[in-house]
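The primary structure of each chain is shown beneath.
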Amino acid sequence: MALIEARGLTRIHHLDSGRVVALDHVDLDIEAGDMVAVMGPSGSGKSTLMNLIGCLDRPSGGSLSLDGMATADLDANALAALRNRKIGFVFQQFNLLPRADAATNAELPMLYAGVDARTRRRRALDALARVGLADRSHHRPMQLSGGQQQRVAIARALVNDPRLLLADEPTGALDSRTALDILALFQQLNRDGMTVVLVTHDPEVARHAARVVRFRDGRIVGDTRQVPAAADGSDPGGGLPPMARPETAVLP
Ligand SMILES: Nc1ncnc2c1ncn2[C@@H]1O[C@H](COP(=O)(O)OP(=O)(O)O)[C@@H](O)[C@H]1O
Ligand SMILES: [Mg+2]
């Protein structure tokens with residue numbers, strides 16, 4: 001059984017001006033351990049899909065199961081618990097608390113999970129070390145670069161040891177060099193066993209995933225596998241000789 005199983009997944013918004021079908025009968029399986037890029041133009045349903053998979057929203061129709069659990073059967077509390085235990089979120093704008101230092105920001109999901117203070121601090125520092133910020137735990141967001149802030153957000157997503165990382169345009173606010181660093185971190189986490197689903201409209205970002213699912217008008221219009229390009233530059237060209245990739249810019 002796949003980690004994520006969507007069947008006929010549909011989300012309709014009812015507005016005064018009429019109905020908006022944000023997601024239209026989507027069938028999608030995502031296997032544990034995969035690294036998937038979700039692409040598509042603005043308004044094609046990417047964030048809607050992420051919000052449903054992340055249990056932040058409920059479908060209008062169809063079914064969604066996560067790690068073998070049918071989400072329709074869960075009440076709001078059970079859904080929140082599933083989200084907190086199994087899923088880590090990363091957003092384009094980092095969403096860090098400005099007055100809290102990196103360690104305190106990384107601790108937040110454990111606060112909601114009722115973890116004691118000592119364990120919270122230890123796990124937050126472990127997660128910061130995992131993202132390469134062991135020496136920045138007392139820095140506040142303003143004292144960190146954009147890439148470092150996104151690393152804190154990734155540490156925060158990791159502290160409850162989730163099965164799944166959901167990232168909605170995680171490199172959208174970063175320059176291309178920093179974006180590559182963040183993609184290299186996602187690839188490292190993926191090699192360590194994490195399932196990663198990231199939304200992007202940028203083909204350069206999607207090259208680093210093993211599978212690319214394309215949306216348009218709330219439907220899947222493409223689903224391909226590829227040899228992911230290595231974001232750390234160890235294999236520029238994604239396993240293919242450069243001549244076979246004329247569309248690809250040379251990495252800095
Ligand atoms: N809360 C909402 N109310 C009404 N329409 C919405 C809402 N959220 C999203 N939509 C609409 O659903 C469609 C898909 O949106 P979204 O999933 O955010 O697209 P994407 O992330 O691909 O840009 C768009 O047409 C959008 O306007
Ligand atoms: Mg979006």
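This report concerns the structure included in the present document. Predicted model only: the values in this text are computed from it and were never measured.

What counts as what
- Residues numbered from 1 in each chain as written.
- Chains lettered and ligands numbered in written order.
- Predicted model: local features only at pLDDT ≥ 70, side-chain atom pairs only at ≥ 80, totals over all residues.
- Pairing = 2+ DSSP bridges.
- Helix = DSSP H or I, 4+ residues; strand = E, 2+ residues; numbered from the N terminus.
- Axes fitted to C-alpha atoms, helices over the stretch in contact; angles between N-to-C directions.
- Parallel < 35°, antiparallel > 145°, perpendicular 65-115°, else oblique.
- Left-handed = near helix turned anticlockwise from the far one by under 90°.
- Contact = placed C-beta atoms within 7 Å.
- Core = buried A, V, L, I, M, F, W, Y, C linked by C-beta atoms within 7 Å.
- Buried ≥ 20, exposed ≤ 12 C-beta atoms within 10 Å, placed from the backbone.
- Expected span 1.5 Å × (residues − 1).

**Observations regarding the sheet that holds strand 5 (residues 69-70)**
Part 1 of the argument: Across the sheet, 4 strands lie side by side as 2-1-4-5; this open sheet has antiparallel pairing. Taken across any chain shown, the strands that pair with only one partner, and hence form the sheet edges, are strand 2 (18-30) and strand 5.
Part 2 of the argument: Looking at chain direction, strand 1 (residues 4-15) and strand 2 are connected through 9 bridges and run antiparallel. The residue bridging Ala6 from the neighbouring strand is Leu28, located in strand 2.

**A few points about the packing of helix 5 (residues 146-158) against helix 6 (residues 176-191)**
Part 1 of the argument: Axis separation between helix 5 and helix 6 bottoms out at 9 Å; the angle between their running directions is 20°. Judged by the angle between their axes, helix 5 and helix 6 are roughly parallel. In the packing of helix 5 onto helix 6, the handedness of the crossing is right-handed. Of the residues in helix 6, those touching helix 5 at Gly146, Gly147, Gln150, Arg151 and Ile154 are Thr178, Asp181, Ile182 and Leu185.

**Re the nonpolar core**
Part 1 of the argument: Residues Val38, Ala106, Leu128, Ala155, Leu165, Leu166 and Val196 are the most contacted members of the largest nonpolar core, which totals 65 residues.
Part 2 of the argument: Among residues more than four places away in sequence, those in contact with Leu165 are Gly88, Val90, Ala157, Leu189, Met194 and Val196.

**Here we look at unusual backbone geometry**
Part 1 of the argument: One non-glycine residue, Asn95, adopts positive backbone phi at about 55°.
Part 2 of the argument: Relative to the assigned elements, Asn95 resides in the loop between strand 6 (87-91) and helix 3 (102-112).
Part 3 of the argument: Unusually for a residue other than glycine, Asp161 sits at a positive phi of about 55°.
Part 4 of the argument: The residue Asp161 is located in the loop between helix 5 and strand 7 (164-168) in this model.

**Concerning helix 5**
Part 1 of the argument: Along its 13 residues, helix 5 runs 19 Å from first to last C-alpha, staying within 8% of the 18 Å computed at 1.5 Å per residue.
Part 2 of the argument: The buried count for helix 5 comes to 11 of 13 residues, which makes it a mostly enclosed element.
Part 3 of the argument: Within helix 5, the full set of buried residues consists of Gln148, Gln149, Gln150, Arg151, Val152, Ala153, Ile154, Ala155, Arg156, Ala157 and Leu158.
Part 4 of the argument: Of the surrounding secondary structure, the elements contacted by the buried residues of helix 5 are strand 6, helix 3, helix 4 (117-130), strand 7 and helix 6.

**Brief notes about the sheet that holds strand 10 (residues 219-225)**
Part 1 of the argument: Pairing is mixed in the open sheet, where 6 strands are placed in the order 6-7-8-3-9-10. If you trace the sheet from one side to the other, it starts and ends with strand 6 and strand 10, each paired once. Across the sheet, the axes of successive neighbouring strands diverge by a mean angle of 15°, strand direction being ignored.
Part 2 of the argument: Where strand 7 and strand 8 (residues 195-199) come together, 5 bridges link them in parallel fashion. Among the inter-strand pairings, Leu165 is bridged to a residue of strand 8, identified as Val196.

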